[in-house]
Amino acid sequence: MLSQRDPAALPRVLLTLLALALLWPGLVLSELNLAVLFDAGNLGNMGQFLSSFWPPAHDPEFLQLLAQATLQTLAIATAGMSLALLLAIPLALLATRALSISALPRGGQPAWWASALRWPVKGLLIVLRSVPEIVWALLFVRAVGLGPTAGVLAIGITYGGMLGKVYGEIFESTDLRPTRALLLAGSPRLSAFAYGVLPNAAGEILSYSVYRWECAIRASVIMGFVGAGGLGQQIDLSLRMFAGAEVASMLLTFLALVLLADLFSRWLRGRLA
Amino acid sequence: MKRLGNLALLLAVLATLYASFAYLKLDLLGLFSGDSPMMMWRYAQGFLQPDFSAELLRQIGRGTLETLAMSAIGTLLASVLGLLLALPAAGRFGALAKAVTRFLLNALRAIPELVWAALMVLAAGLGPNAGTLALTLHTSGVLGRLFAEALENTPAQPAQALRLTGSSSISAFCYGTLPGVWPQLLAYALYRWENNIRMASVLGFVGAGGLGQMLYISLSLFQQAQAASVILAMLLLVLLVDLFSNWARQRWVQAG
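Everything numeric in this text was worked out from a predicted model, so none of it was measured. (Residues numbered from 1 in each chain as written. Chains lettered and ligands numbered in written order. Predicted model: local features only at pLDDT ≥ 70, side-chain atom pairs only at ≥ 80, totals over all residues.)

1. Quick look at the interface of chain B and chain A
Okay, step 1: Between chain B and chain A, the residue contacts involve 42 residues of the former and 38 residues of the latter.
Okay, step 2: Class assignment for the residues of the side of chain B that touches chain A results in 34 nonpolar, six polar and two charged. (Contact = placed C-beta atoms within 7 Å. Nonpolar A, V, L, I, M, F, W, Y, C, P; charged D, E, K, R; others polar.)

2. Quick look at the domain arrangement of chain A
Okay, step 1: The assigned domain composition of chain A is domain 1 (9–51) and domain 2 (60–272).
Okay, step 2: Using C-alpha coordinates to define each centre, domain 1 of chain A is positioned 38 Å away from domain 2 of chain A. (Domains from an automatic or database assignment.)

3. Quick look at the packing of helix H4 (residues 60–95) of chain A against helix H11 (residues 244–272) of chain A
When two helices pack together, their arrangement is given by the angle between the helix axes and by the axis-to-axis distance.
Residues and elements named next belong to chain A.
Okay, step 1: Relative to each other, H4 and H11 sit at 40°, their axes nearing to 11 Å. When you trace H4 past H11, the crossing you get is right-handed. Taken together, the residues of H11 that come into contact with H4 (itself represented by Phe62, Leu66 and Thr70) are Glu246, Ser249, Met250, Thr253 and Leu257.
Okay, step 2: Class assignment of the residues belonging to the contact of H4 with H11 gives a composition of four nonpolar, three polar and one charged. (Axes fitted to C-alpha atoms, helices over the stretch in contact; angles between N-to-C directions. Helix = DSSP H or I, 4+ residues; strand = E, 2+ residues; numbered from the N terminus. Left-handed = near helix turned anticlockwise from the far one by under 90°.)

4. Overview of the nonpolar core
A general feature of soluble globular proteins is that nonpolar side chains tend to end up buried together.
Okay, step 1: Ranked by size, the top nonpolar core spans 126 residues in total, and within it Ala137 of chain A together with Ala117 and Met120 of chain B carry the most contacts.
Okay, step 2: Sorting elements by how many residues they give to this core places H4 of chain A first, with 14 residues.
Okay, step 3: Setting aside residues up to four positions removed in sequence, alanine 117 of chain B forms contacts with Ala130, Gly131, Ala134, Leu203, Val206 and Ala208 of chain B. (Core = buried A, V, L, I, M, F, W, Y, C linked by C-beta atoms within 7 Å. Buried ≥ 20, exposed ≤ 12 C-beta atoms within 10 Å, placed from the backbone.)

5. Some details on the packing of H4 of chain A against helix H9 (residues 189–223) of chain A
All names here are of chain A.
Okay, step 1: Direction vectors running N to C along H4 and H9 enclose 145°, while the axes themselves pass 9 Å from each other. Handedness of the H4/H9 crossing: right-handed. On H9, the residues that touch Thr73, Leu74, Ile76, Ala77, Gly80, Met81 and Leu93 of H4 are Phe193, Arg212, Trp213, Ala216, Ile217, Ser220 and Val221.
Okay, step 2: When its residues are assigned to classes, the contact of H4 with H9 shows 10 nonpolar, three polar and one charged.

6. A few points about the environment of proline 25 of chain A
Okay, step 1: By the element assignment, proline 25 of chain A lies in helix H1 (residues 9–29).
Okay, step 2: Linking proline 25 of chain A and leucine 63 of chain A, residues 38 residues apart in sequence, is a C-alpha distance of 48 Å.

Okay, structure coming up:
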């Protein structure tokens, strides 16, 4: 006689109960309260706010402000990326194993002292990229004041760390035989890099940098929320003033910007590949 | 011809760089002249002696737990909501429902967590509740899309076989479709959880609880020593999550 019941039901129920017991402290700590959203007074306020989203603000004065903020966001991302490159390229050259001379007679493994000398640089790269960019932005806003400078510096530092790590790995992943031949024949490291590594790695490096530039645009909008200029700062201001129509048109601009940056970066990467 | 194009591209990049610096009127050199390096150094010095008093460590511990709880509950709710939205988005309830839910998922996903958090702080007040809701909204957009793709790519035969032998559509889904896609759904949810832990630690900047809120408050009060400890805690949290997820991935994904 075949049972109609699922034989695995009991363990599943027990597992679910266990998961719920573990989640309980999480529910308490996160103070989850969905009822707040459906509270009558709150619902009225939010409804009013949301209904002011349509039509999005489009008077000429506001559109001019919007265009300025958008340009500022783009400029922050671009300037930040150039600082990041200034930081990343020397650090990647210092950190990569690809240009190690002590590795030549050891089959690609640098001597222990050479690895130990590279570790501080790698550690610096880890610290630079592990603190989120918005934390750097907040720190710089306190140090250099509100405005785009803080955003540029924050992107420069975080993306410098990320690019430095990735560039170093790209250098190591190329075919190292030309580089080793150059190094063994006595060429200095920089020329070995320029003629051995770079021709093989350039495509990948360019396409990764373009992809990061696209990420930097998104990051610069986000960083505006802590006062680092650009579109994000304007969104934050309008949110605080409950100006729904302005928020709506700025969110639409943000979406369009992200979409265009995505298309543009895909086109550029396709071209560079 | 291609060479000429590349040259033009290079010139365009340089022109854009110049235009960006000119538009922002950045005074980077000004940061290194006059007495501003001195002031920056004094500001930075405050961070060099993190505060490790027991009281602060207890608060940081609570903030870390709050961050973890926000990300866990947010991801869990988002998985449930994402699965509910993924069913119509995978085309199980007709083309109209598919188009509508796809649009909804894209909208949820396109707005970043921090913007959702700023909105939720207005709607639900300050505190971790707003952060949890913000993570839920953004993540359900992301997971809904991923889940819908997983559901579309899973073989339909087991569920069809169950339907043909007379089981209801719900049990056909639970016993025919779900066992096949379950591991993939879980992998997506865990991956998003990892992202959300990182995100939850900064959502507090707009008042949505967790470690971020502690950092924001201590920086606003110019308590650099306390801020430095919170930053160290964030760094530690992110590095531990990275290590753990690398380990888990090697342990389970590559072996399996």
